Amino acid sequence: MDKRTTAAEIVAELRDGMTLGIGGWGSRRKPMALVREILRSPVRDLTVVTYGGPDVGLLCAAGKLRRVVYGFVSLDSIPLEPHFRQARQAGSIEAVELDEGMFQWGLYAASLRLPFLPTRAGLGSDVMKVLPWLRTVRSPYQDGEELLAVPALPVDVAIVHMNRADVRGNAQFLGPDLYFDDLLLGAAKRRFVSCERLIPTEELTREGSFLTLRIHRGMVDGVVETPHGAHFTECPPDYGRDEAFQTEYATAARDPEAWKAFEQRWLALDSEAEYQRAVAARANGSLQ
Amino acid sequence: MSGATRAEVCAVAIAEAFRDDGEILVSPIGNLPQIGARLARLSFAPEILMTDGVAFLVADVQPLGAPSGPSIVEGYMPYRAVFDTVWSGRRHVMMGASQIDRFGNQNISCIGEFQKPKAQLLGMRGAPGNTINHTTSYWIPNHSKQVFVPKVDVVSGVGYDRAAALGPKASRFHEIRRVVSNLAVFDFETPDHAMRLRSLHPGTSVDEVLAQTGFPLVVPASVPATREPSDEELRLIRERIDPKGLRDREVRS
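Remember, it's a predicted structure, so these values are computed and weren't measured experimentally.

**Q** What exactly am I supposed to notice about the packing of helix 1 (residues 6-17) of chain B against helix 2 (residues 31-42) of chain B here?
**A** The description of two helices packed together rests on the angle between their axes and the distance between the axes. All names here are of chain B. Running from amino to carboxyl end, helix 1 crosses helix 2 at an angle of 60 degrees, the nearest separation of the two axes being 7 Å. Classified by the interaxial angle, the pair formed by helix 1 and helix 2 is oblique. In the packing of helix 1 onto helix 2, the handedness of the crossing is right-handed. Packed against helix 1, whose contacting residues are Ala 7, Cys 10, Ala 11, Val 12, Ile 14 and Ala 15, the element helix 2 presents Leu 32, Pro 33, Ile 35, Gly 36, Ala 37, Leu 39 and Ala 40 at the interface.

Shown next as C-alpha cells:
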C-alpha cells in the first residue's frame, strides 16, 4: 500500500486530449509542482476542469489546453489571470464557463456516478446561452418545477495539493478550506495527491483535528512529496502566497519579451528542485 | 451633519440596503460594500452574519485592511457552506458589475462576443446562482455609460426581465434590492421592474445621472436626497471601520 510516486510518473499518465482536474481555488493551494512538471512534458490538447488560478494561466501560456471548464479564473489578489485572458481573447481555447455552484454540482454528480444534478443556479443567465447543450429537467413531483440539469463533470486524472499525507495516500488539509478537492478526486479515474510533507500515519491526528482528514487512501492512487509545491499560490499554514512572485508573473505576462525572460528564468529549468532553489535564492536576495 | 465625503454617503446607502435582512449571511464584495455592511452591523443590523472573507463567520467588526488582532470566530463557513447558504436563500450579496442594464442584468463574464471576447473578465463566478436564489444588490463606484448600458454583453447576474421569462416558479426567490453608485441609489420598485432613481447623493443632479446612464431611467417627479451619515455613523466609519481611508480612494468627493 505504499503509493509513493514521482511528479514525472504522474504526468506520464496524461495522454493528449485527456481531461485533467486540478484542485485548489484561484491562487490557493494549487498543485503547482505537478503543473510545472506538465509544462516540462510534451502532453497537449488537455481539457482542464478547475476553480482556476495561475495553473490555468501557465498551461494556457504553454499552449497545453484545448478547453477550460471553470467558474472563474483569478489570481485572487490580482483579480484577472493575464494568460487566460489572452487565450480567451485570441479565441485559442474553448470556454465552458459555469456558475461556480454548478461546477461543484458537476463534480459531485460525477463522484456519485449520477448523470446530472438539478439546481436553480444558471436558470435565466447566459450560461444556458453560451452552452446550448445544457438541458433542464422537470420535477416528477407535484411541484413540477423546471430546473437546470448540471451534467456530471468526470475527469481522467485529478491532481490536488495537500499539507500532509502518509505514504498510503491518506491526506490532510491544515488551512481554512478543503475547497472541493474531495469531490474532484471522486470525479476522477486516476487520483494523485502532492503534499508539503509525508508523515507517518499516526502523526496525522497530531497535526490537526480529525476534521482535517477528508481525503483517505481509498480516494488516492498515488502520492508525492513536493515541499513548497504550491508556490507561488498560498498553502497555509505552511506558507502564504508569494505576492511579489505573482506580481512578477502577472507583469511579465503583459509583454511577450518580458514573458520570454520569465519563462527562461523560471520555467525552462530542468527540475522542480532547480525551481525551488531559484525561488529560495530569489527570496534570500530580496531580503538583503 | 456636514462634512461627510461622497464615499461616506455611499457607505450609508450601502448599509441601508442590508436593513431588515435579519439573521442571514451578508456578503459584501469590495471595499465600500465591506464598509457599508460593517456599518450596518455596528448600528441598526447587529444580527447579520458576516465572514472574514476566508472561511470563518466572525463575531466582531475589524477595521478594514488593518485588523487589530485575531477575529472572534463564531462559525465555520468554507466555500461549500457558502454555496449551501446561497441555494438555501439565506443570503444577501452585494456584487460589482462591469455592465448592468435597466432590468438589472449584470455582466462580470466578458466584453464582446463570448466565443472570442474583446476582454475576458472574471467569469460567471457565483452570479447566476446568487441572483436566482437570493437577494442581490450591486455597488458601482464608477457610474458611466460604459457600465449602465442598454444591453449587457453577457448575462451573469439575472435581471428582472430574464427572471419574469422563467415564470413565477423559477423566479420566486429572485430579488434585486438596490443598486448603489457613486452618484445615486436605484431600485426596481416600478410596475415592470425597470430601474428607478431612488435617491440622489448630495452634490449630484438628475441631469448628471441621466447623462451618465445609457438607458431610460425611471425618474419620479420628486427625487429625495440620499440620507447623510449621522455623527455616530461618521465616527464609526472614520475611526472604527476604515481608519486607513480606503473609501476615499474608491470614491473621490
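So much for the structure itself; the text now carries on.
**Q** Looking at this model, I keep getting lost on helix 9 (residues 243-252) of chain A. Mind explaining?
**A** The periodicity of an α-helix, 3.6 residues per turn, causes residues three or four places apart in sequence to face the same way. Among the residues of helix 9 of chain A, those classed as buried are Gln 246, Tyr 249 and Ala 252 of chain A. Looking straight down helix 9 of chain A, one finds its buried side chains confined to an arc of 130 degrees; they lie on one side.

**Q** In this structure, what is going on with unusual backbone geometry? I would like to understand it.
**A** Note on backbone geometry: most residues besides glycine have negative phi, and most peptide bonds are trans. All names here are of chain A. The residue after His 231, namely Phe 232, is reached through a cis peptide bond having omega 10 degrees. Checked against the element boundaries, Phe 232 lands in the loop between strand 11 (222-225) and helix 9. The amide bond that connects Pro 236 to the next residue, Pro 237, takes the cis arrangement and shows omega of 0 degrees. With respect to the helices and strands, Pro 237 occurs in the loop between strand 11 and helix 9.

**Q** Would you mind showing me how to read the interface of chain A and chain B here?
**A** Often the size quoted for an interface is simply the accessible area lost on bringing the parts together. In this complex, chain A contributes 35 residues to the contact, which on the side of chain B involves 36 residues. If you list the elements that add at least two residues to the side of chain A that touches chain B, you get helix 4 (82-89), helix 5 (100-111) and helix 6 (127-130) of chain A. Considering every element that reaches the side of chain A that touches chain B, the biggest residue donor is helix 4 of chain A, with 4 residues. Residues that form the side of chain A that touches chain B fall into these classes: 16 nonpolar, 9 polar and 10 charged.

**Q** What is the right way to read the sheet that holds strand 12 (residues 196-200) of chain B from this model?
**A** Two pairing modes exist for strands in a sheet, parallel and antiparallel, and in both the strands are linked by backbone hydrogen bonds. Residues and elements named next belong to chain B. Pairing in this open sheet of 6 strands is mixed, and the strands run 1-4-9-10-11-12 from one edge to the other. Strands with a single pairing partner mark the edges of an open sheet, and in this sheet they are strand 1 (25-28) and strand 12. Going from strand to strand, the sheet's axes swing by 15 degrees on average, the running direction of each strand aside. Sheet strands touched by helix 1: strand 4 (91-95), strand 9 (135-140), strand 10 (175-181) and strand 11 (184-187). Its angle to strand 10, the strand with the most contacts, is close to 175 degrees.

**Q** Whenever I open this one, the nonpolar core confuses me. Can you help?
**A** One recurring pattern in soluble globular proteins is that nonpolar side chains are buried together. Ranked by size, the top nonpolar core spans 142 residues in total, and within it Val 48, Ala 158 and Val 193 of chain A together with Ala 11 and Ile 14 of chain B carry the most contacts. Broken down by element, this core gets its largest block of residues, 9 residues, from helix 1 of chain B. Ignoring sequence-local partners within four residues, the contact set of Ala 158 of chain A consists of Gly 21, Leu 184, Leu 185, Ala 187, Ala 188, Arg 191 and Phe 192 of chain A.

**Q** Please explain the sheet that holds strand 7 (residues 146-151) of chain A as it appears in this structure.
**A** Residues and elements named next belong to chain A. Pairing within the open sheet is antiparallel, and its 3 strands lie in the order 5-7-6. Looking at the sheet topology across the chains shown, the edges are occupied by strand 5 (116-119) and strand 6 (135-138). Taking the axes of each pair of neighbouring strands and ignoring which way they run, one obtains an average angle of 45 degrees across the sheet. Where strand 6 meets strand 7, 4 bridges bridge the pair, whose relative direction is antiparallel. Across the sheet, the residue bridging to Val 137 is Leu 147, located in strand 7. Where helix 5 meets the sheet, its contacts fall on strand 5 and strand 7, and the angle it forms with strand 5 comes to roughly 150 degrees.

**Q** When you look at the pairing of strand 8 (residues 155-165) of chain A in this model, what are you seeing that I'm missing?
**A** Residue and element names in this part refer to chain A. Counting buried positions along strand 8 yields 10 of 11 residues, so the element is predominantly enclosed. Bridge count between strand 1 (residues 19-22) and strand 8: 3 bridges; the pairing is parallel. Counted as the bridge partner of Leu 20 is Val 157 from strand 8. Bridging between strand 8 and strand 10 (residues 188-198) involves 9 bridges; their strand directions are parallel. Following the sheet pairing, Val 155 is matched in strand 10 by Ala 188.

The rules behind each value
Residues numbered from 1 in each chain as written. Chains lettered and ligands numbered in written order. Predicted model: local features only at pLDDT ≥ 70, side-chain atom pairs only at ≥ 80, totals over all residues. Axes fitted to C-alpha atoms, helices over the stretch in contact; angles between N-to-C directions. Helix = DSSP H or I, 4+ residues; strand = E, 2+ residues; numbered from the N terminus. Parallel < 35°, antiparallel > 145°, perpendicular 65-115°, else oblique. Left-handed = near helix turned anticlockwise from the far one by under 90°. Contact = placed C-beta atoms within 7 Å. Buried ≥ 20, exposed ≤ 12 C-beta atoms within 10 Å, placed from the backbone. Arc of directions from axis to C-beta. Nonpolar A, V, L, I, M, F, W, Y, C, P; charged D, E, K, R; others polar. Pairing = 2+ DSSP bridges. Core = buried A, V, L, I, M, F, W, Y, C linked by C-beta atoms within 7 Å.

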